Amino acid sequence: MKEWFPNVQKIAYEGPESDNPFAFKHYNADEVVMGRTMAEHLRFAVCYWHTFKNLGSDPFGGDTMIRSYNDARNEMKVAENTMQAAFEFFTKLGVHFWCFHDRDIAPEGDDLAETNKRLDKIVDLAESLQNDTGVKLLWGTTNAFTHRRFLAGASTNPSPDVFAYAACQVKKAMEITHRLGGQGYTFWGGREGYETLLNTDMARELDHLAGFLHLAVDYKEEIGFDGQFYIEPKPKEPTKHQYDFDAGSCHAFLQNYDLVDHFKLNIEANHATLAAHTFPHELEYAALNGLLGSVDANRGDMLLGWDTDQFPTDLYDTTLTMYIILRNGGFSPGGLNFDAHIRRQSIDPDDLFHAHIGGMDAFARGLKNAAKMIADGKFEGAVRKRYAGWETGIGARIETGQVGFADLEKYILETGEPELQSGRQELLENMLNEYI
Ligand code: XUL
Ligand code: CO
């Protein structure tokens, strides 16, 4: 069989002393950390759209990357070659999962029937490659935002015909995800949002979005798909205001529309920072509301205000991410999907390997750091100490609902000015540096 990445062999773990750029220095798939292997904890996935379909174009210029699998005369041949190349890449990298949008893997035909036929053909190939390699589908999704029919959104489009078209697409994408044994299905809001309230009936659009998701929940049941549904928050881009703004607004929306039992969140690092939150903030909020599902691992750029989708290399982020995930029992059936693309000037296929190796090593270090932080218990101890006042006396009586305002007034009149304690932020930050 043709090799699409002949320069690169299977990536092995060689340890921190290695200077081989095509080896892992920290990610050792079978190494056990806190009772599970690194592979079981981290559940890395490669995303199809950035890794194989993003060829470096930006708003100012076209593609910069030349790939042998794109060099075929017809679009379906390109799609087949790309799928072969993708599974070679997954296998050489040693990731166990992948993620895709329907339109990443097969080009649209002249009408929906032809488009679906093309998808089925490529899914046949994907299924046999999954069987040959053991690589599994973390989640599937729909691209209902690139085609011009979706210029004003999919389920929130003012046109019911566009709503119906999007439904057909999600129906089919759920079917193929199910067929490929997908462990989840993601709804990212695409163009579900608005540019100006002057032309937008927000109440109606939100009702339609919820109605659409209820139809998806019904269809999930109908076809017996038992994967996890995810909503992926993002505050802006492509619309000025995306309805799934952040974890908090998604939570409120899911509660309002009686959907909260059917969804978890897929938290993306760069979407968190676009919402002016930190990535750990979004993870923690999701976790404490039972919504921590999966992660789109990437990072933004402090100096650029858009979704740069860079590969994650920040050890503070990976450490704090894994600290939250480990303390919440891990994230199966979710995982760490590299929703990231290499920079426009990184034009070689080798760069795809460097990027993923770096991201996997960064998360492996984050995992080990977090495991050590948990074992040492220093941070947990500091937080426990800070809130110790709630364990006994007046604190316990407030928490258990035994006192009213009048009781609290009496208490303060008796005890006087509250005693204050330091937040010790600098000390805790110094302590964190010792783990990085
Ligand atoms: C867009 C984004 C998407 C979703 C899948 O910003 O993150 O790639 O992850 O549709
Ligand atoms: Co994403």
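Caption draft 1: Highlighting helix α11 (residues 315-327). Taking 1.5 Å per residue as the helical rise, α11 with its 13 residues ought to reach 18 Å, and the 18 Å between its terminal C-alpha atoms agrees with that figure. Considered for burial, the residues of α11 that qualify are Leu315, Thr318, Thr319, Thr321, Met322, Tyr323, Ile324, Ile325 and Leu326. Taken together, the buried residues of α11 touch α1 (38-42), α10 (279-288), β13 (292-296), β14 (336-338), α12 (349-376) and α13 (378-386). Capping the start of α11, Asp314 holds a side-chain oxygen 2.8 Å from the backbone nitrogen of Tyr316, two or three residues further along. Of the residues one or two after α11, Gly329 is the one with positive phi, at around 85°.

Caption draft 2: Highlighting the coordination of the cobalt ion (ligand 2). Coordination sphere of the cobalt ion (ligand 2), protein contribution only: Glu232 (OE), Glu268 (OE), Asp296 (OD) and Asp339 (OD), at 1.9 to 2.1 Å. Geometry at the cobalt ion (ligand 2) is octahedral, judged from the 6 donor atoms that bind it and their angles of 79 to 172° at the metal. Mapped onto the polypeptide sequence, the residues donating to the cobalt ion (ligand 2) form the spacing pattern E-x35-E-x27-D-x42-D. Of this pair, Glu268 sits in strand β12 (residues 263-268) while Asp296 is found in strand β13, placing the two residues 28 residues apart along the sequence.

Caption draft 3: Geometry of α10. All of the buried residues along α10 are Phe279, Pro280, Glu282, Leu283, Ala286 and Ala287. Burial along α10 is one-sided: seen end-on, the buried residues are contained in an arc of 160°. N-capping of α10 is provided by Thr278, with a side-chain oxygen placed 3.0 Å from the backbone N of His281. After α10 finishes, the residue Gly290 shows a positive phi value of roughly 70°.

Caption draft 4: Main features of the sheet that holds β13. Around the barrel, which closes on itself, the 8 strands sit in the order β5-β6-β7-β8-β10-β12-β13-β14 with parallel pairing between neighbours. Within this sheet the neighbouring strands show an average axis-to-axis angle of 30°, counted without direction. As paired elements, strand β7 (residues 136-141) and strand β8 (residues 184-188) share 2 bridges and run parallel to each other. Bridge pairing links Thr141 to Thr186 in β8. Contacting β10 (228-232) and β12, helix α8 (residues 247-256) runs over the sheet at an angle of about 165° to β12.

Caption draft 5: Representation of the packing of aromatic side chains in the model. What the rule picks out here adds up to 30 aromatic pairs. Ring plane angle 85° and centroid distance 5.2 Å describe the contact between Phe163 and Phe212, whose orientation is recorded as edge-to-face. Placement of Phe163 in helix α6 (residues 160-179) and of Phe212 in helix α7 (residues 202-223) is noted, with a sequence separation of 49 residues between them. Taking relative accessible area as the criterion, Phe212 reaches 8% and is therefore assigned buried. For the pair Phe253 and Tyr257, a centre-to-centre distance of 5.0 Å together with 50° between the ring planes defines the contact as tilted. Note on Phe253: relative accessible area 9%, which makes it buried. Among the aromatic residues, those joined into a ring-pair cluster are Trp4, Phe5, Tyr48, Phe52, Tyr69, Phe87, Phe89, Phe90, Trp98, Phe100 and Phe353. Positioned over the ring face of Trp4 is Lys2, at 4.7 Å from the centre of the ring.

Caption draft 6: Up close: the pattern of salt bridges. For the structure shown, the criterion picks out 18 salt bridges. The shortest N-O distance in the salt bridge between Lys92 and Glu3 comes to 2.6 Å. Separated by 89 residues along the polypeptide, Lys92 in helix α3 (residues 75-93) and Glu3 in the segment before β1 (12-13) bring together distant segments of the chain. The class of Lys92 is buried, set by a relative accessible area of 8%.

Caption draft 7: A look at unusual backbone geometry. Cis geometry is adopted by the peptide bond preceding Pro238, which originates at Glu237 and carries an omega value of 5°. With respect to the element layout, Pro238 can be found in the loop between β10 and β11 (241-242). Going from Ser332 to Pro333, the amide bond is cis rather than trans, its omega being 10°. Inspection of the secondary structure puts Pro333 in the loop between α11 and β14. Non-glycine residue Ala276 carries a positive phi angle of around 65°. Overall, the relative accessible area of 70% leaves Ala276 in the exposed class. Not every positive phi belongs to a glycine, and Arg424 is a case in point at roughly 55°. Topologically, Arg424 is positioned in the loop between α15 (405-415) and α16 (425-433).

Reading the values: rules and limits
- Residues numbered from 1 in each chain as written.
- Chains lettered and ligands numbered in written order.
- Predicted model: local features only at pLDDT ≥ 70, side-chain atom pairs only at ≥ 80, totals over all residues.
- Heavy atoms only, no water.
- Helix = DSSP H or I, 4+ residues; strand = E, 2+ residues; numbered from the N terminus.
- Expected span 1.5 Å × (residues − 1).
- Buried < 20%, exposed > 50% of the residue type's maximum accessible area, 1.4 Å probe, protein only.
- Contact = heavy atoms within 4.5 Å.
- Polar contact = N/O pair within 3.5 Å; in protein donor to acceptor, adjacent residues only side chain to side chain.
- Donors = N, O, S within 2.8 Å, 3.2 Å for Na, K, Ca; no water.
- Tetrahedral: all angles 85-135°; square planar, octahedral: opposite > 155°, others 65-115°.
- Arc of directions from axis to C-beta.
- Pairing = 2+ DSSP bridges.
- Axes fitted to C-alpha atoms, helices over the stretch in contact; angles between N-to-C directions.
- Phe/Tyr/Trp six-rings, centres within 6.5 Å; stacked < 30°, edge-to-face > 60°.
- Lys NZ or Arg CZ within 6 Å of the ring centre and 35° of its normal.
- Salt bridge = Lys/Arg side-chain N within 4 Å of Asp/Glu carboxyl O.

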